[in-house]
Amino acid sequence: MSRGWVKAIAADPDLRSAIRIVGLVDVKPETALALAAEFDLQDAVIGSDLDAVLAETTPEILFDVVVPAARRDVVATGFRHGCHVLSEKPMAASLAAGRELIRLADEAGKMHAVVQNRRFISGVRRIRRFVEEGGLGQLTGIHCDFFIGAHFGGFREEMEHVLLLDMAIHTFDAARFIADRKPIAVYCHEENPRGSWYRHGAAATAIFELSDDVTFTYRGSWCAEGANTSWESAWRVTGTRGTLLWDGAESYRANTVGSSEGLLREPVPLEIPEPADPGQTHGHASVIADFIAAIRSGKKPETASDDNINSLAMVFAAIESARTRQRVTI
């Protein structure tokens, strides 16, 4: 994932001029050396000791791109060295750890935000604007399907709750953003289907209650072969005025009805507006740009950890519901 971050910075002229990478840290220094060579980061200090590299380079920002179990110590080390920190998702391996990161950021007087790059794409921004402007009337439901047979190898295949913790949070966060509602409760069934190449929790079905009587449902699997959805999920958004469908890629369709009579009323197409700000649709680059702008302005970044913990809470409530076979409040 660190390669994806560096690539996003290298490909964006504004980020290239705003950010100078002064150090790369990895438990395997040869991995950092390879990344430095690939992106011509000749002046970057390479090391395996985060404390030592931060002390030598004194950066303003730490990009935290580690596995969830290592996040707390990495972020705390960054704050100790006076850095703002932008972290990979999920923001923490537990809610308690997430709350601790918020406390540490507050005590350090530094910003901490989370890369929820999949809310910074055109489809999610278009739907949010459409819903916000009343295109569907009053929002009633969001329904998402995610079915992909992903053969990663590595740590994901050994994780517990791999779909909910490592992937579903993208869809949960995007749904929370589109709905602009507070998550209240969830019932979730988690399984590891026959034929799964993951150790645990490769599939899940969840029903979330959001504020204002909005329902969000999620059906997902990371071991469903043969008919992959988009990585962004396939979406159905319903309201009192009509329905929007998005395949997670380039296909959008929204309809209302043209009459008030008959068993099934004829659909009438609705126009879906473009994103309000195209600059917010470039994934990793847009998240990083938002973080840089927040540091410069002193305003809170969109994915600040004290807001993003609400998406993390959805994940851990779903996991608790799956474990107990009970509805869990968030």
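Residues numbered from 1 in each chain as written. Predicted model: local features only at pLDDT ≥ 70, side-chain atom pairs only at ≥ 80, totals over all residues. Heavy atoms only, no water.

- An unreviewed UniProt entry lists the protein under the name Oxidoreductase protein, from Sinorhizobium fredii.

**Quick word on the pairing of strand S11 (residues 243–246)**
Thinking step 1. Side chains Leu244 and Trp246 project from S11 onto a buried face, and the interleaved Thr243 and Leu245 project onto a face without burial.
Thinking step 2. The pairing of strand S10 (residues 234–239) with S11 spans four bridges and is classified as antiparallel. For Trp235, the partnering residue across the bridge sits in S11 and is Trp246.
Thinking step 3. Linkage of S10 to S11, two consecutive antiparallel strands, is achieved through a turn of three residues.
Thinking step 4. Two elements, S11 and strand S12 (residues 252–257), share four bridges in a ladder whose sense is antiparallel. If you follow Thr243 over to S12, its bridge partner there is Asn255.
Thinking step 5. What sits between the antiparallel neighbours S11 and S12 is a turn of five residues, in which Gly248 has the positive phi angle 85°. (Buried < 20%, exposed > 50% of the residue type's maximum accessible area, 1.4 Å probe, protein only. Helix = DSSP H or I, 4+ residues; strand = E, 2+ residues; numbered from the N terminus. Pairing = 2+ DSSP bridges.)

**Notes on the sheet that holds strand S7 (residues 183–191)**
Thinking step 1. With mixed pairing, nine strands are arranged side by side in an open sheet as S13-S12-S11-S10-S6-S9-S8-S7-S14. Both edges of this open sheet fall to strand S13 (267–269) and strand S14 (328–329), since each of them pairs with a single strand only.
Thinking step 2. Bridging between S7 and S14 involves two bridges; their strand directions are antiparallel. From the neighbouring strand, Val186 faces S14, where its bridge partner is Val328.

**Focus: the packing of aromatic side chains**
Thinking step 1. Throughout the structure, instances matching the rule amount to 12 aromatic pairs.
Thinking step 2. Judged by centre distance (5.0 Å) and plane angle (65°), the rings of Phe152 and Trp222 are edge-to-face. Placement of the pair is Phe152 in the loop between strand S6 (139–147) and helix H8 (162–179) and Trp222 in the loop between strand S9 (214–221) and S10, with a sequence separation of 70 residues.
Thinking step 3. With relative accessibility at 1%, the residue Trp222 sits in the buried group.
Thinking step 4. Relative to Tyr218, the ring of Phe172 lies with its centre 5.3 Å away and its plane at 85°, an arrangement referred to as edge-to-face. Of this pair, Phe172 sits in helix H8 while Tyr218 sits in strand S9, placing them 46 residues apart in sequence.
Thinking step 5. Taking relative accessible area as the criterion, Phe172 reaches 0% and is therefore assigned buried.
Thinking step 6. By relative accessible area, Tyr218 is classed as buried at 0%. (Phe/Tyr/Trp six-rings, centres within 6.5 Å; stacked < 30°, edge-to-face > 60°.)

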